[in-house]
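Residue-level listing of the chains:
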Amino acid sequence: HVKKNGGDDYSFSMDNQKIHMDRSLLIELELKNALINNEFHIVYQPLINLKKNNIVGVEALLRWKNKQLGTVSPGEFIPILEKTGKIIEVGKWILRTVCNQMKRWQENGIFLERISVNVSPIQFKEQSFIDDLKQIIDETQLDASYLEIEITEGTILEIANVSKTLQKLQGLGIKVSIDDFGTGYSSLSYLKQLPIDTLKIDKSFIDDLDTDGEIIVNTIINMGKNLRFRIIAEGIETPHQLKYLKQQQCHEGQGYFFSKPVGHEQIPILYQELQVTK
Ligand code: C2E
Ligand code: MG
Ligand code: MG
Ligand code: MG
């Protein structure tokens, strides 16, 4: 039995002994069997074409619900999965689940251009990453050109042989997107030398659109488009942000304004709705 004592301390009763543990240790402990206990699931957030107002894809986002801890946010548990190396196994499960889901949608007449999956730097630099991907694609029979992986500028800058791995992904027909773009230190000219398809402008810059922060968004969109990247704005919440992004002819958008991440069963419904209403 676990009891929260206030703050980040938990106390356990185990064999009549009281054991104190901080929250991150408890998370680490609970994550050990999370996959086996079926505690993970994936939610999907629509990616909207801002010109046509339809769903063109989804981003897959991991969720964890644990008996003792309840729902823990990815921002809290993913660093711990990374620290323990568990992200490799969980990452494979995510890719398999997502490829299967996309395949199932296709069989049911839901045609999305792509499904986007976040890949941790730890997973990206793993020796077997490409082989694991190939195996998952083989197994699930998904056409690899529907798959996009999201990595951050940090992954690009910090991992040796990044361009080799990117070329192999390109060889398989898998697309690559730079997540949280603008928060790291990569330059567009450097990114242009790599086989990268999409830039996702970080939500913090989209938030700034409500307070005169147009200049950075504007620069990323214009330079990015000239360099032939697909540009996605992350975290659109207000009509004002959307209006500005449309004016600047940003290709795609994602955010609570359109939809929060939802269970897979909701996607066919949103697919119909967004087609007609927005
Ligand atoms: P991210 O990849 O940049 O994902 C976008 C995050 O912004 C998601 O948070 C999403 O729910 C949230 N978001 C989207 N639109 C809005 C909005 O309009 N307003 C607000 N306030 N938030 C919005 P989430 O799901 O909590 O994920 C946080 C981060 O955790 C992700 O950032 C990603 O870095 C990581 N993550 C999530 N799922 C996975 C996964 O399957 N694998 C890996 N390696 N990382 C993941
Ligand atoms: Mg992402
Ligand atoms: Mg992001
Ligand atoms: Mg993020």
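So, how was this worked out
- Residues numbered from 1 in each chain as written.
- Chains lettered and ligands numbered in written order.
- Predicted model: local features only at pLDDT ≥ 70, side-chain atom pairs only at ≥ 80, totals over all residues.
- Heavy atoms only, no water.
- 1 Å grid on protein atoms, 1.4 Å probe; cavity = no way out; pocket = protein on both sides within 12 Å on 5 of 7 lines; lining within 4 Å.
- Points joined across faces, edges and corners; volume = space filled by probe spheres on them.
- Helix = DSSP H or I, 4+ residues; strand = E, 2+ residues; numbered from the N terminus.
- Core = buried A, V, L, I, M, F, W, Y, C linked by side-chain atoms within 4.5 Å.
- Buried < 20%, exposed > 50% of the residue type's maximum accessible area, 1.4 Å probe, protein only.
- Arc of directions from axis to C-beta.
- Donors = N, O, S within 2.8 Å, 3.2 Å for Na, K, Ca; no water.
- Near = heavy atom within 4 Å.
- Polar contact = N/O pair within 3.5 Å; in protein donor to acceptor, adjacent residues only side chain to side chain.
- Areas by Shrake-Rupley, 256 points an atom, 1.4 Å probe, with all protein chains shown as cover.
- Sits in = over half its atoms within 2 Å of the grid points.
- Nonpolar A, V, L, I, M, F, W, Y, C, P; charged D, E, K, R; others polar.
- pLDDT = per-residue confidence, 0-100.
- Pairing = 2+ DSSP bridges.

In the nomenclature of an unreviewed UniProt entry, the protein corresponds to EAL domain-containing protein from the organism Oceanobacillus piezotolerans.

S.K.: Can you help me understand the layout of surface pockets in this one?
M.R.: The calculated volume of the largest pocket comes to roughly 820 Å³. Lining the largest pocket are 32 residues, with E59, L61, N118, D179 and D180 positioned closest to its centre. Only strand 5 (54-66), helix 2 (74-84), helix 3 (87-107), strand 7 (114-118), helix 4 (121-124), strand 8 (147-152) and strand 9 (175-181) provide two or more residues apiece to the lining of the largest pocket. The element best represented in the lining of the largest pocket is strand 5, accounting for five residues. Estimates place the volume of the second largest pocket at around 270 Å³. Residue lining of the second largest pocket: 14 residues in total, with K125, E126, Q127, T165 and K168 positioned closest to the centre. Elements represented by at least two residues in the lining of the second largest pocket include exactly helix 5 (129-140) and helix 7 (162-172).

S.K.: Hey, could you run me through the nonpolar core in this one?
M.R.: Note that soluble globular proteins tend to have their nonpolar side chains buried in a common cluster. Within the largest apolar cluster, 81 residues are counted, with the highest numbers of intra-cluster contacts made by F40, F124, L166, L169 and L245. Top contributing element to this core by residue count: helix 3, with nine residues.

S.K.: Help me out: how do you make sense of helix 2 in this one?
M.R.: One turn of an α-helix holds 3.6 residues; hence residues three or four places apart share an orientation. If you check which residues of helix 2 are buried, you get F77, I80 and L81. Looking down the long axis of helix 2, one finds its buried residues gathered within 105° of arc, a one-sided arrangement. Exposed positions of helix 2 whose direction lies more than 90 degrees from the buried face are G75 and K83. G85 sits one or two positions beyond helix 2 and adopts a positive phi of about 80°.

S.K.: In this structure, what is going on with the coordination of the magnesium ion (ligand 3)? I would like to understand it.
M.R.: Under perfect tetrahedral coordination by four donors, a metal shows angles of 109.5 degrees; under perfect octahedral coordination by six donors, it shows angles of 90 or 180 degrees. In the first shell of the magnesium ion (ligand 3), the protein supplies D179 (OD), D180 (OD), E234 (OE) and E234 (OE), at 2.1 to 2.4 Å from the metal. Between the donor residues of the magnesium ion (ligand 3), the gaps in sequence give the motif D-D-x53-E. In this structure, the magnesium ion (ligand 3) lies 4.1 Å away from the magnesium ion (ligand 2), the two metals sharing D179 as a donor. Take D179: its relative accessible area is 7%, and that puts it in the buried class.

S.K.: Looking at this structure, how should I read the site of ligand 1?
M.R.: Close contacts around ligand 1 come from 21 residues, with R63, N118, D179, E237 and Y256 the closest. Interatomic distance of 2.8 Å between a side-chain N/O atom of N118 and an oxygen atom of ligand 1. In the environment of ligand 1, an oxygen atom lies 2.7 Å from a nitrogen or oxygen atom belonging to the side chain of D179. Relative to its unbound accessible surface of 800 Å², ligand 1 loses 79% to contact with the protein. Mapping ligand 1 onto the cavity grids shows that it belongs to the largest pocket. Top element by residues in the shell around ligand 1 is strand 5. It accounts for four residues. Across the shell around ligand 1, the residue classes break down as eight nonpolar, five polar and eight charged.

S.K.: Which parts of the structure should I look at to understand empty space enclosed by the protein?
M.R.: Any empty space left between the atoms is revealed when a probe the size of a water molecule rolls over them. What the rule picks out here adds up to one cavity of 30 Å³ or more. The calculated volume of the largest cavity comes to roughly 40 Å³. Surrounding the largest cavity, I88, K92, L95, Q123, E126, S128, F129 and D132 form its lining. Within the residue set of the lining of the largest cavity, elements represented by two or more residues are helix 3 and helix 5. In terms of residues, the lining of the largest cavity owes the most to one element, helix 3, which gives three residues.

S.K.: How should the environment of G91 be read in this particular structure?
M.R.: By the element assignment, G91 lies in helix 3. What makes G91 buried here is its relative accessible area of 4%.

S.K.: Could you clarify how one ought to interpret the confidence of the model for the protein in this entry?
M.R.: Parts of the prediction with low pLDDT should not have their coordinates interpreted in detail. Predicted confidence across the protein gives a mean pLDDT of 94, with 92% of residues reaching 70 or more. Here the prediction assigns the complex a pTM of 0.94, and the interface score ipTM is 0.98.

S.K.: Got a minute to help me understand the pairing of strand 10 (residues 198-201) in this structure?
M.R.: Sheet faces and side chains relate simply in a regular strand, where the side chains alternate between the two faces. Covered by surrounding structure in strand 10 are T198 and K200 together with L199 and I201, the residues of both alternating faces. Here strand 9 runs beside strand 10; their pairing, made up of three bridges, is parallel. Looking across to strand 10, one finds that S177 is bridged to T198. Sheet topology note: the strand 10/strand 11 (residues 230-233) ladder contains four bridges and is parallel. Each residue of the ladder has a partner; that of I201, found in strand 11, is A233.

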